[in-house]
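Chain by chain, the residues run as shown.
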Amino acid sequence: MSKYKVILLRHGEGEWNKENRFCSWVDQKLSTDGVKEAQACGRLLREQGYTFDVVFTSLLSRSVHTAWLVLEAMRQEWVPVVKSWRLNERHYGALIGLNRAEMALNHGEQQVKVWRRSYNVTPPPIDQSHPYYQEIYNDRRYSNCDVSKDELPRAESLKQVLDRLLPYWDGTVGPEIRSGRSVLISAHGNSCRALLKHLEGISDSDIVNVTLPTGTPVLLELDESLRAVKPRQLLGDQVKIQAAIKMVEDQGKVKPAA
Ligand SMILES: O=C(OP(=O)(O)O)[C@H](O)COP(=O)(O)O
């Protein structure tokens, strides 16, 4: 029986979503369209009568800004926003900054799909020679995490994302839900996929087929054990949502010549 409702949200489009680059732990801002998506998401949630008591975000600006814009559009700016690196996007390791279509050309579309969507495959790790290494690991936002900087990931499979996310879900987010507070989670494509895998009991092979569009709220109905009791609902215009999912999937294909 459905006892709790939770809204899960992949942030609005970021600048590197637009450029088709693996963004991951690089702190890119929302694009102009991403701002509009977040605002539209807030308006939709308001129209449908949602209210929130607490919002959880990652430490990355695109998920924080999305939360702010959603709350502003809902006229609920006062709602507390709690941030953790454990909701950050999957760490794409050495792939960070690379263009997916170029990678499909160089390594094949199937390999790019394995890197993007498989459960157990970890991309090659980032090292100090990587152009974004210093920017990520010298960032002050990672100075006060619940693990030391040395323990932060250098690359992650989806399974490793779930492994670092679960303690936060079990210890922080879950108790808020159980206490009756209504929760919005503003996070990322793959941190949301990892959470969906856990809550919906999706198999290691089926999670490959789950893709989330940007700026689209996902309604989850959970039982008292915080397990999904019905299929997730992506809220909004279903034709546009399917087109947006296809667009994300197609990012991993070789770009046809102009
Ligand atoms: O930063 C990313 O995700 P985000 O836009 O949800 O934060 C990743 O680059 C998403 O890439 P993917 O869709 O190839 O897994």
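Preceding block: the structure.
What you see is a predicted model; the values in this text were computed from it and never measured.

> Help me understand helix H4 (residues 100-107), please; the structure alone is not making it clear to me.
The α-helix advances 3.6 residues per turn, and as a result positions three or four apart in sequence lie on the same side. Within H4, the full set of buried residues consists of Arg100, Ala101, Met103 and Ala104. Take H4 and look down its axis: the buried residues cluster within an arc of 160°, on one side only. Residues of H4 that are exposed and point over 90 degrees away from its buried face: Leu105 and Asn106. Residue Asn99 occupies the N-cap position of H4, its side-chain oxygen lying 2.9 Å from the main-chain nitrogen of Ala101. Immediately beyond the C-terminal end of H4, within one or two residues, lies Gly108, with a positive phi of roughly 95°.

> Any chance you could explain the site of the ligand here in plain terms?
Neighbouring the ligand are 15 residues, the closest being Arg10, Glu89, Tyr92, Arg116 and Gly189. A distance of 2.9 Å separates an oxygen atom of the ligand from a polar side-chain atom of Asn17. Summarising the interface, the protein chains cover 99% of the accessible area of the ligand, which totals 410 Å² for the free molecule. Among the detected pockets, the ligand sits in the largest cavity. Looking at the shell around the ligand, the elements with two or more residues in it are helix H5 (109-117) and helix H8 (189-200). Here the shell around the ligand is composed, by residue class, of three nonpolar, six polar and six charged.

> I tried to follow the packing of helix H7 (residues 158-178) against H8 on my own but got confused; where do I start?
Helix-helix packing is characterised by the crossing angle of the two axes and by the distance between the axes. In contact at an axis separation of 9 Å, H7 and H8 are set at 75° when each is read in the N-to-C sense. Overall, the two elements H7 and H8 adopt an arrangement that is roughly perpendicular. Of H8, the residues touching H7 (which contributes Leu158, Val161, Leu162, Leu165, Leu166 and Trp169) are Asn190, Ser191, Arg193, Ala194, Leu195, His198 and Leu199.

Calculation rules
- Residues numbered from 1 in each chain as written.
- Predicted model: local features only at pLDDT ≥ 70, side-chain atom pairs only at ≥ 80, totals over all residues.
- Heavy atoms only, no water.
- Buried < 20%, exposed > 50% of the residue type's maximum accessible area, 1.4 Å probe, protein only.
- Helix = DSSP H or I, 4+ residues; strand = E, 2+ residues; numbered from the N terminus.
- Arc of directions from axis to C-beta.
- Polar contact = N/O pair within 3.5 Å; in protein donor to acceptor, adjacent residues only side chain to side chain.
- Near = heavy atom within 4 Å.
- Areas by Shrake-Rupley, 256 points an atom, 1.4 Å probe, with all protein chains shown as cover.
- 1 Å grid on protein atoms, 1.4 Å probe; cavity = no way out; pocket = protein on both sides within 12 Å on 5 of 7 lines; lining within 4 Å.
- Sits in = over half its atoms within 2 Å of the grid points.
- Nonpolar A, V, L, I, M, F, W, Y, C, P; charged D, E, K, R; others polar.
- Axes fitted to C-alpha atoms, helices over the stretch in contact; angles between N-to-C directions.
- Parallel < 35°, antiparallel > 145°, perpendicular 65-115°, else oblique.
- Contact = heavy atoms within 4.5 Å.

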